[in-house]
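The chain contents come next:
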Amino acid sequence: MGRSTHIEMLQEWLEVQGYGVMTTGWTRSNLMSKTIEMAKEGNILDRWSFTLLYATDFADRLEHQVIPALRSGFIVLADRYIYTALARDFVRSGDRRWVRDVFGFALVPDLVCYLRIDVETLVLRVIESKGMNFWESGMDLRLGGDLYDSFKKYQSLLIEEFDKMTEEFKFEVIDARKSPEEIQEELQNKIRPLLSNHLESPAVLVDSVAHPSPTT
Amino acid sequence: MSDHPAARSTSHPYPGKLIIVEGIDGSGKSTQLLLLHKWLESKGHKVFFTEWNSSDLVKDTTKRGKKTKSLTPTTFSLLHATDFASRLYHDILPPLKAGMLVLADRYMYTAFARDVVRGVSPEWVRKLYSFAIRPDMAFYFKVPIEIAISRLLGGTRGQFKYYEAGMDMNLSQDVTESFRIFQSRILAQYDKIVDEFDLITMDATKDIAEQQNEMRRVVEAALIDYKPRRGTHGRRTVFWRRFDVPKSE
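This structure is a prediction, so every number in the text was calculated from the model and none was measured.

Calculation rules
Residues numbered from 1 in each chain as written. Chains lettered and ligands numbered in written order. Predicted model: local features only at pLDDT ≥ 70, side-chain atom pairs only at ≥ 80, totals over all residues. Helix = DSSP H or I, 4+ residues; strand = E, 2+ residues; numbered from the N terminus. Buried ≥ 20, exposed ≤ 12 C-beta atoms within 10 Å, placed from the backbone. Contact = placed C-beta atoms within 7 Å. Nonpolar A, V, L, I, M, F, W, Y, C, P; charged D, E, K, R; others polar. Axes fitted to C-alpha atoms, helices over the stretch in contact; angles between N-to-C directions. Parallel < 35°, antiparallel > 145°, perpendicular 65-115°, else oblique. Left-handed = near helix turned anticlockwise from the far one by under 90°. Pairing = 2+ DSSP bridges. Expected span 1.5 Å × (residues − 1). Arc of directions from axis to C-beta.

Draft legend 1. Expanded view of the overall build of chain A. Summing up its helical and strand segments, chain A has eight helices and five strands in all. For chain A, the proportion of its 216 residues judged to be buried stands at 39%. Pairs at least 24 residues apart make up 78% of the contacts formed inside chain A by residues separated by at least 6 positions.

Draft legend 2. Fine view of unusual backbone geometry. All names here are of chain A. Of note in the backbone geometry, lysine 170 takes a positive phi value of approximately 55 degrees without being a glycine. In this structure, lysine 170 sits in the loop between helix 7 (147-169) and strand 4 (172-175). Judged by the 11 C-beta atoms lying within 10 Å of it, lysine 170 is exposed.

Draft legend 3. Layout of the interface of chain B and chain A. Counting residues at the interface gives 21 residues for chain B, matched by 20 residues for chain A. Where the side of chain B that touches chain A is concerned, the elements lending two or more residues are helix 3 (56-67), helix 4 (73-97) and helix 6 (122-128) of chain B. Sort the elements by how many residues they give to the side of chain B that touches chain A and helix 4 of chain B lands first, with ten residues. Residues that form the side of chain B that touches chain A fall into these classes: ten nonpolar, ten polar and one charged.

Draft legend 4. Broad picture of the packing of helix 5 (residues 108-117) of chain B against helix 8 (residues 175-197) of chain B. Residues and elements named next belong to chain B. Where helix 5 contacts helix 8, the two axes come as close as 9 Å, and the packing angle between them is 135 degrees. The angle between the axes of helix 5 and helix 8 places the two elements in the oblique class. Considering only the axes of helix 5 and helix 8, their crossing is right-handed. Together, Tyr109, Phe112, Ala113, Arg114, Val116 and Val117 of helix 5 and Phe182, Arg185, Ile186, Gln189, Tyr190, Ile193 and Phe197 of helix 8 make up the contact between the two elements.

Draft legend 5. Highlighting the pairing of strand 3 (residues 101-105) of chain B. Residues and elements named next belong to chain B. Extensive coverage of strand 3 is indicated by the burial of five of its five residues. Burial along strand 3 is two-sided: the residues Leu101, Leu103 and Asp105 and Val102 and Ala104 are all buried. Here strand 1 (residues 17-22) pairs with strand 3 via five bridges, running parallel. Note on strand 3: the bridge partner recorded for isoleucine 19 is leucine 103. Pairing of strand 2 (residues 47-51) with strand 3 involves five bridges; the strand directions are parallel. The residue of strand 3 that forms the bridge with valine 47 is leucine 101.

Draft legend 6. Seen up close, the sheet that holds strand 5 (residues 200-203) of chain B. Residue and element names in this part refer to chain B. The strand order across the open sheet built from five strands is 2-3-1-4-5, with neighbouring strands paired in parallel fashion. Since the sheet does not close on itself, it has two edges, and those belong to strand 2 and strand 5, each with one partner. Taking each pair of neighbouring strands and ignoring which way they run, the sheet shows an average axis angle of 20 degrees. Relative to strand 4 (residues 137-142), strand 1 is paired through four bridges, and the arrangement is parallel. Across the sheet, isoleucine 19 pairs through a bridge with methionine 137, a residue of strand 4.

Draft legend 7. Helix 3 of chain B, seen in detail. The terminal C-alpha atoms of helix 3 of chain B lie 17 Å apart, and with twelve residues this matches the ideal 16 Å at 1.5 Å per residue to within 8%. By the burial criterion, the buried members of helix 3 of chain B are B:Leu57, B:Val58, B:Thr61, B:Thr62 and B:Gly65. For helix 3 of chain B, the arc enclosing every buried residue in end-on projection is 105 degrees, short of the 170-degree limit, so these residues lie on one face. Relative to its buried face, helix 3 of chain B has exposed residues pointing more than 90 degrees away, namely B:Asp60, B:Lys63 and B:Lys67. Elements in contact with the buried residues of helix 3 of chain B: helix 2 (33-41) and helix 3 (47-71) of chain A together with helix 4 of chain B. B:Lys69 occupies a position one or two residues after helix 3 of chain B and carries a positive phi of about 55 degrees.

Everything listed here is a matter of coordinates, which is why it stays silent on function.
In structure tokens form, the structure reads like this:
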């Protein structure tokens, strides 16, 4: 939804200025994308495998795509980063330590933009677009009697955790209820300072719990 | 040491028993486990078996990743951890909680040995597996590298496989030499792991029956207070050979 469009626009904005840009997205690795799709279609995912599948996908992309790009002087825009996994695991387990240990090998981003949305607006947007699916509704957790209730509860818990991580990981928070133009401008404003001293290319990440995408 | 992430995992509270074997390829551990399995079943126990990298979830991915040689030490490690988690959840915990016996060919110690040799952080990999339960009995089949090599080359294996020989580590152009170096390093890791986690070392150079008898002695002693639970009546499987009975009899 909003997130990938913004990344596309940011990519164009940067490339026009002459920067090399690479984008990477959640569950898009060659190694894992089909596996994750299939695993989610079934109903056999336990809490650890759920997180570990994402960690494997992430590691594959980090090692094969992100690090080589950074070394070549590219700017890397990531649609979601590890924080999505941290929040999802916490909501399922109530434990923060293990998942942070697992993702310990992740690079620290130069910038994390959290497109923050409230659950009410989110619900409306999702219903107007593609509807709620099993995993985005956290149905494996049985938080509500039906898809709608479960979705609201699950996403509320994720948002709560993202809000807590804002402090921990120094997210730049952007109000996702604003217009796309306003959001894009804010994103560019936050990225620009990283470019002016452009010796090394920064890794810029856009993360949001509020924008369900086909690859949740 | 007591604050070590893996040492934090406590022995499990379930009525079943988990018995695992470790060792490099060619150590004969799988044979020993199979014989143990048959023996336990012959005594009327219900025995479950699980082996490394076998879950439907990631088996194909691992195969594909190995074929395209795109697995890095980290992804290799994480894939195996994913497989392990899935098997723990689906194949190990339920029978254990039901009070039955579970045998595992390889356990988290394989990751601690192999992944570390590949360059993964020993602290990280132990934290990765911190959700694993400790086995009730863990046997390490210790074999000298040359014996392992001759067993594997002489037997049904023939050629060493790419990752099995550690070819991704550029240790040698020659597959056998690479295997020798790679697996020797794994042996060195195992020696540390034996101390760290109190594994029972078995001399894998002894003959099969001798090792098996020793293994059965240890298992029998450990199962003294174990109460087998069955839902169905156990089939007493007895070893028997087919004899060609002459028709005239």
